[in-house]
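A look at the structure
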Amino acid sequence: MLTKIDTTASHKSFITAEPFHHVVIDDFFDEGSALALSKEFPDFHDPLWFVYNNPLEKKKTCNEWNRFPRNIYSTLTYLNSPQFIAKLKKITGIKKLYPDVGLHGGGWHMHRAGGSLAVHLDYATHPKLNLLRKLNLILYLEKDYDPDWGGSLEFWSHDFETNKP
């Protein structure tokens, strides 16, 4: 399922990344697994989606475990497992790292043409676990993604003079 992750190289990339620590791991899944996960992704009009339509975001999400098909369910289970968390600890150097098995803010997210997610800062303290949020794992599964669509992931630092991103 997952390609072999070089935790040493990923750690070096993570600690030297700007404007803050992060790492991009291309081909995170082998092609067959990525395609299988992508095929399980529900249609935009599926009633399972929770819809956000406000000034910050226009998107659909689902973080309910009982709605995930078999491959998605097993993949999310692995990504929350002690074995995978151990890899993340090696990559990041964070010694105390816990998964969010409740997927608060996680799970599936979908944007379509005209969708948006404005520049924002994710919550720092988990609202239910009262733990500091240390990492986000973002996986893209769109096989035929066209960069002209926009929607690129952007990392912004804080401008202290203007108090804005």
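Residues numbered from 1 in each chain as written. Predicted model: local features only at pLDDT ≥ 70, side-chain atom pairs only at ≥ 80, totals over all residues. Heavy atoms only, no water.

Remarks on the side chain of Lys59
Within the fold, Lys59 resides in strand β2 (residues 57-62). Within polar-contact distance, the side chain of Lys59 engages the side chain of His109 at 3.0 Å. Here Lys59 is in contact with Phe50, Val51, Tyr52, His109, Met110 and His111, once residues within four sequence places are set aside. (Helix = DSSP H or I, 4+ residues; strand = E, 2+ residues; numbered from the N terminus. Polar contact = N/O pair within 3.5 Å; in protein donor to acceptor, adjacent residues only side chain to side chain. Contact = heavy atoms within 4.5 Å.)

A closer look at the confidence of the model for the protein chain
Residues at a pLDDT of 70 or more form 100% of the protein chain, whose mean pLDDT is 90. Confidence, expressed as mean pLDDT per element, reaches its minimum in the protein chain at strand β4 (residues 116-117) with 77 and its maximum at helix α4 (residues 82-92) with 97. (pLDDT = per-residue confidence, 0-100.)

So, the nonpolar core
Of all hydrophobic cores here, the largest spans 22 residues; its most connected members are Phe68 and Trp108. Counting only elements with at least two residues in this core, the list comes to α3 (70-79), α4 and β3 (108-110). Element by element, the count of residues in this core is highest for α4, at four residues. With sequence-adjacent residues up to four places away left out, Phe68 is seen in contact with Cys62, Asn63, Tyr73, Leu76, Leu103, Gly107 and Trp108. (Core = buried A, V, L, I, M, F, W, Y, C linked by side-chain atoms within 4.5 Å. Buried < 20%, exposed > 50% of the residue type's maximum accessible area, 1.4 Å probe, protein only.)

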